[in-house]
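# Notes for the structure review
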Amino acid sequence: TTMAPPQEITTTSNTPPPNKTNGCESIGNRVDSSISNFFYAIGTFVSSRPKLTITIALAISILCAGGMAKLNTENRPEELWVPQNTVAEEEGNAFLSFFPPTSRFQSVIVSGGADSGGADDTNVLTKDNLVKIMEMHQSIQTTNSTYEGQNYTFASSSFGAQDGLCTIAGGSCSNFELNPICLCLVISPLKVWNYDLDKLQSDDDVMATLNTYGKEPKDFESVFGAPKFDDNGALISAAAISLSYFLKDQSSLEGGSTVDPINEEWEESVFLASVESAQVENNGGRLNFAYLSSRSFSDEFGGEITGDLVFVQISYVIAFLFVGATLGSKLSCGRGSRWAMSLAAIFLVALSTVAGFGVASLIGLLYGPVHSVLPFVLLGIGVDDCFVIANAFDREREGVSRASEDDTSLIKRGARALSRAGASITVTSLTDLVAFAISSSSALPALASFCAFASINILFLWMLAATFFVACMFIDEKRQRDNRRDCLCCFTRKVDEVEDTGSKEGFLSRYFRRYHAPAILSRPGKMFTLVFFSVLFGLGVYGTIKLPVEDSARNFIPVDSYIKDFSEAADTYFPSSGEALYITFTNGEEIYKSREGLATLDTRLRGLSEEPPYIAEPNDYNYQNVMAGLKDYLATDGASIGVVTGEDGWPTNYEDFVATLRSYAQFMGPGAKYAQDIALSSDGSELEALRVKAEYVRLTKTYRGEVLDDASRQIDAMDATRSMISSWTDLAPAFPYSATFIAIEGFKIINTELYRNVGLAIA
């Protein structure tokens, strides 16, 4: 028998061939599998030993929290918001080495308003108004403040006693007399009456007297708001006047904060009280008072921060109620409720916070006022992780009744749940951690420290969520299986007659599964999603390019704060008054060699107000140059005091020049107002530096209806000032200094860091 050879049989199958994965997909699958396996192992351990896990988590957290004993608290703005290793920092340190801070600033702007009859009376320069303002001044000058049993006043008790709080300087009175106030640094139109109320009341022509304050209209702009002049240039009215008072700085550093209790007490009980009292009296409605004190910012911001901390505490209560109401399946403490787990979620955030703060303190990171909002940030991140884990626990119980689960089944469910949730909480935590870690490289210490704190705390959130919270979830699942009450687990409840068929799919889950996902994965949905997010991305890129870097400090001022009133009054009545600029010249012998150029420095600063560096036109009240003052003095009185001068009108050698300058600019000398503008060696034989004071124009702009400092023009002004001074090769070595340069450097850095950090985050 012969058999036919086997024939090739062809079969047809409907099973599609297996999909081939590319390299990226393969790597992604391996990473996802590794993360799932890792968290499955963690979940198995935690579910098998929940009490041990909780104990270890608490022990580690408490141990780390012990680092808070080394918490480095810092509240000084110059240490928090000053960019490090910048040119402005070097200039500031050099300037302060020659001219350490000596004064605290107080200011009042008094403007005219509606009179008692309701008519418009914006001219503040009436005799009645001036009398009321003088009375306010006398209250500021003579009222006592008390600190630790000792009384203090602004001016000294007698001429030359120097026991007052004011900064000593000359030129505060029009006609020098033996009046203690004449030695105090006060800038005010009231100087024309030597701050004497009797002289003002007996003056029959106050406008004629006020016109002696300056020689030309621009001389009045620093203290008179919106002044008006007649055809002859005589002052006839003004909408406001400004009064400025300066206190001797007596500050010290305590616990990371700069404190000056003697001056702060005077500012509160005398200056602020006197101005507020004058505001209440208000002279029949004809005067408005806007005022500012050195302590104003700490008072107003401190109150706001304290109020914000209350809101943080309230947010925790609201978060507890929200989590408790949504984490479980019931609001009441019945089957499926999870109020105890809501407490565990809040406790998780608290543990992460104290542990992270402790580690950050051990590393040496500083803690500033802005760090107080970190618990609020961590609350949102931590609660999100808790929701993901709880949802995973529920999803793993779909179709399975609690009664059918034994401990082994629960352990496996806990492992599967963490395996499902682990990748999600890892990705979100890693994203947040990296974003904050990138910003921790900022040159602004407060921002860098805040972001470093946040990164460390997020790491603890991630670790404790995967251990502490999962252990609590496992214990809570056992409670529900054993039919014990929520929060009162020692008590059992009646058996629910409703059959337990396992966890049910929630409304949101059904929506995304049935409607949302199919819609966006359809062809029209894909096209719409692609177009929508492409447009959104384009708008985002355009907005980023147009994003201005602005000084938003005013946004932090409470709406009802008197600081805001003062800022608005300054913008309205003194728009040309800007920040002070000090041009500091060093090397005494070089200063002597370039004496003539320094004396006429104002000629180099004219015509610069409209373009960078935006320096205001020099006048008697915004420009102060000890060399110009000394030159005029030598020309008029040099011979009478025995100073030997050469043909150029200056002392013939460097030693005589220093001796003459020292005698001229001493506190009781003819150039007393320049006493703080020179820095001499300890024995007074060498001139180390001198400063010339100028002023920028007011560099502000209106943005979305708000007056803001114009950061762009401020940067241009700072850079142009440095370039201008570096070009003065015929003068002594010099550098500029302004108190705002540090903030302006911050604007430049923020602008750079914005694009750098966005690029790093995308990468």
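Residues numbered from 1 in each chain as written. Predicted model: local features only at pLDDT ≥ 70, side-chain atom pairs only at ≥ 80, totals over all residues. Heavy atoms only, no water.

## Quick look at the overall build of the protein
Scanning the protein for helices and strands turns up 22 helices and 20 strands. When the accessible surface of the protein is split by element, carbon and sulfur atoms take 58% of a total near 38600 Å². (Helix = DSSP H or I, 4+ residues; strand = E, 2+ residues; numbered from the N terminus. Areas by Shrake-Rupley, 256 points an atom, 1.4 Å probe, with all protein chains shown as cover.)

## Describing the pattern of salt bridges
Considering all chains together, one arrives at 22 salt bridges under this definition. Put simply, Lys631 and Glu596 hold a salt bridge, and the shortest N to O gap is 2.4 Å. Separated by 35 residues along the polypeptide, Lys631 in helix H19 (residues 626-637) and Glu596 in helix H18 (residues 595-599) bring together distant segments of the chain. Take Glu596: its relative accessible area is 33%, and that puts it in the partly exposed class. (Salt bridge = Lys/Arg side-chain N within 4 Å of Asp/Glu carboxyl O. Buried < 20%, exposed > 50% of the residue type's maximum accessible area, 1.4 Å probe, protein only.)

## Details of the state of the cysteines
Summed over the entire model, instances satisfying the criterion amount to two disulfides. A disulfide bridge connects Cys166 with Cys184, and the sulfur atoms are separated by 2.0 Å. Sign of the S-S torsion, about -60 degrees for the bond between Cys166 and Cys184, identifies this disulfide as left-handed. Note that Cys166 is positioned in the loop between strand S4 (150-152) and strand S5 (186-187) and Cys184 in the loop between S4 and S5, a separation of 18 residues in sequence. You can call Cys184 buried: its relative accessible area is 1%. (Disulfide = S-S within 2.5 Å.)

## What to know about the environment of Gly607
Here Gly607 is to be found in the loop between H18 and strand S15 (624-625). Distance in space between the C-alpha atoms of Gly607 and Pro618 is 9.5 Å, their sequence separation being 11 residues.

## Overview of the nonpolar core
By size, the foremost hydrophobic cluster in this structure holds 61 residues, and its most contacted members are Leu125 and Phe224. Those elements giving two or more residues to this core turn out to be strand S2 (103-112), helix H5 (127-142), helix H6 (197-201), helix H7 (206-210), strand S9 (240-248), helix H8 (261-281), strand S12 (287-292) and helix H16 (562-573). Among the elements that make up this core, the one with the highest residue count is H8 (seven residues). Setting aside residues no more than four positions away along its own chain, Leu125 makes contact with Leu130, Met207, Leu210, Phe224, Leu235, Ser237, Ala238 and Ile241. Residues Tyr316, Cys386, Ala421 and Phe468 belong to the second largest nonpolar core, which totals 54 residues. (Core = buried A, V, L, I, M, F, W, Y, C linked by side-chain atoms within 4.5 Å. Contact = heavy atoms within 4.5 Å.)

## Remarks on the packing of aromatic side chains
As enumerated under the stated definition, the model contains 31 aromatic pairs in all. Relative to Phe271, the ring of Tyr245 lies with its centre 6.3 Å away and its plane at 65 degrees, an arrangement referred to as edge-to-face. Taken together, the residues span a long stretch of sequence, with Tyr245 in strand S9 and Phe271 in helix H8 at a distance of 26 residues. We classify Tyr245 as buried; its relative accessible area is 0%. Taking the relative accessible area as the measure of exposure, Phe271 reaches 0% and is therefore buried. Relative to Tyr664, the ring of Tyr633 lies with its centre 5.1 Å away and its plane at 35 degrees, an arrangement referred to as tilted. Placement of the pair is Tyr633 in helix H19 and Tyr664 in helix H20 (residues 654-664), with a sequence separation of 31 residues. There is no split in this pair, since Tyr633 and Tyr664 are both buried. An aromatic cluster is present here, built from Phe95, Phe98, Phe99, Tyr582 and Tyr737 joined pairwise through their rings. A cation over a ring is seen here: Arg595 above Tyr592, with NZ or CZ 4.1 Å from the ring centre. Lying over the aromatic face of Tyr614, Arg713 brings its terminal NZ or CZ to 5.2 Å of the ring centre. (Phe/Tyr/Trp six-rings, centres within 6.5 Å; stacked < 30°, edge-to-face > 60°. Lys NZ or Arg CZ within 6 Å of the ring centre and 35° of its normal.)

## Thoughts on the side chain of His137
Tracing the chain through its elements places His137 in helix H5. When neighbours within four sequence positions are excluded, His137 is seen to be in contact with Ile181, Leu190, Tyr195 and Tyr245.

## So, a negative patch on the surface
On the surface, Glu589, Glu655, Asp656, Asp683, Glu686 and Glu688 cluster together to form a negatively charged patch. Along the polypeptide, Asp656 turns up in helix H20. (Patch = residues over 30% accessible without salt bridge, like charges linked within 9 Å, V, L, I, M, F, W, Y side chains within 5 Å. Lys, Arg positive; Asp, Glu negative; His and termini not counted. Charge placed at Lys NZ, Arg CZ, Asp CG, Glu CD.)

## Description of unusual backbone geometry
A cis amide bond links Pro612 with the next residue in sequence, Pro613, at an omega value of 20 degrees. Inspection of the secondary structure puts Pro613 in the loop between H18 and S15. Residues other than glycine seldom take positive phi values, yet Asn194 does so here, at roughly 55 degrees. Here Asn194 shows up in the loop between S5 and H6. With a relative accessible area of 1%, Asn194 lands in the buried category. Located in the positive-phi region is Tyr195, a residue other than glycine, with phi close to 60 degrees. Along the chain, Tyr195 falls in the loop between S5 and H6.

## Quick word on the pairing of S9
Of all the nine residues making up S9, eight are buried; the element is thus mostly covered by neighbouring parts of the structure. With two bridges connecting them, S5 and S9 associate as antiparallel partners. For Val186, the partnering residue across the bridge sits in S9 and is Tyr245. As judged from the two bridges shared by strand S6 (residues 224-225) and S9, these two strands associate in the antiparallel manner. Considered in S9, the bridge of Phe224 is made with Ile241. (Pairing = 2+ DSSP bridges.)

## Some details on H20
Within the span of H20, buried status applies to Tyr654, Phe657, Val658, Thr660, Leu661 and Tyr664. Projected down its long axis, H20 shows its buried positions confined to an angular sector of 165 degrees, all on one face. You can read the cap of H20 off the contacts: a side-chain oxygen lies 3.2 Å from the backbone nitrogen of Glu655, and it is on Asn653. (Arc of directions from axis to C-beta. Polar contact = N/O pair within 3.5 Å; in protein donor to acceptor, adjacent residues only side chain to side chain.)

## Let's talk about the packing of H5 against H8
Between H5 and H8, the least distance of the axes is 9 Å, while the angle of their chain directions is 165 degrees. Taken together, the axes of H5 and H8 are roughly antiparallel relative to one another. Crossing handedness for the pair H5 and H8: right-handed. Mapping the contact onto sequence places Met136, Ser139 and Ile140 in H5 and Trp266, Val270, Phe271, Ser274, Val275 and Ala278 in H8. Partitioning the contact of H5 with H8 into residue classes produces seven nonpolar, two polar and no charged. (Axes fitted to C-alpha atoms, helices over the stretch in contact; angles between N-to-C directions. Parallel < 35°, antiparallel > 145°, perpendicular 65-115°, else oblique. Left-handed = near helix turned anticlockwise from the far one by under 90°. Nonpolar A, V, L, I, M, F, W, Y, C, P; charged D, E, K, R; others polar.)

## Some thoughts on the packing of helix H4 (residues 87-98) against helix H22 (residues 741-762)
For the pair H4 and H22, the least separation of the axes is 8 Å and the interaxial angle reads 170 degrees. Relative to H22, the element H4 is oriented roughly antiparallel. Two secondary-structure elements touch here, H4 through Val87, Ala88, Glu89 and Glu91 and H22 through Phe741, Ile742 and Glu745. Partitioned by chemical class, the residues of the contact of H4 with H22 number four nonpolar, no polar and three charged.

## A closer look at the confidence of the model for the protein
Low pLDDT marks regions whose predicted coordinates should not be analysed in detail. The pLDDT averaged across the protein works out to 84; a share of 87% of its residues lies at or above 70. Of all helices and strands in the protein, the one with the weakest mean pLDDT is helix H9 (residues 296-327) (72), whereas strand S20 (residues 734-737) scores best (97). Low confidence marks residues 1-13, where pLDDT is under 50. Its contacts with residues over four positions away, or in another chain, come to zero contacts. Predicted confidence for residues 116-120 stays below pLDDT 50, and this span has five contacts to residues more than four positions away or in other chains. (pLDDT = per-residue confidence, 0-100.)

## Some thoughts on the side chain of Asn625
For Asn625, the position within the fold is in strand S15. A polar side-chain atom of Asn625 sits 2.9 Å from a polar atom in the side chain of Tyr623.

## Digging into helix H12 (residues 407-439)
Between its terminal C-alpha atoms H12 stretches 46 Å, which fits the 48 Å expected from 33 residues at 1.5 Å a residue. For H12, the principal kink sits at Ala421 and spans about 35 degrees. (Expected span 1.5 Å × (residues − 1). Bend = angle between axes of the 7 residues up to and from the residue.)

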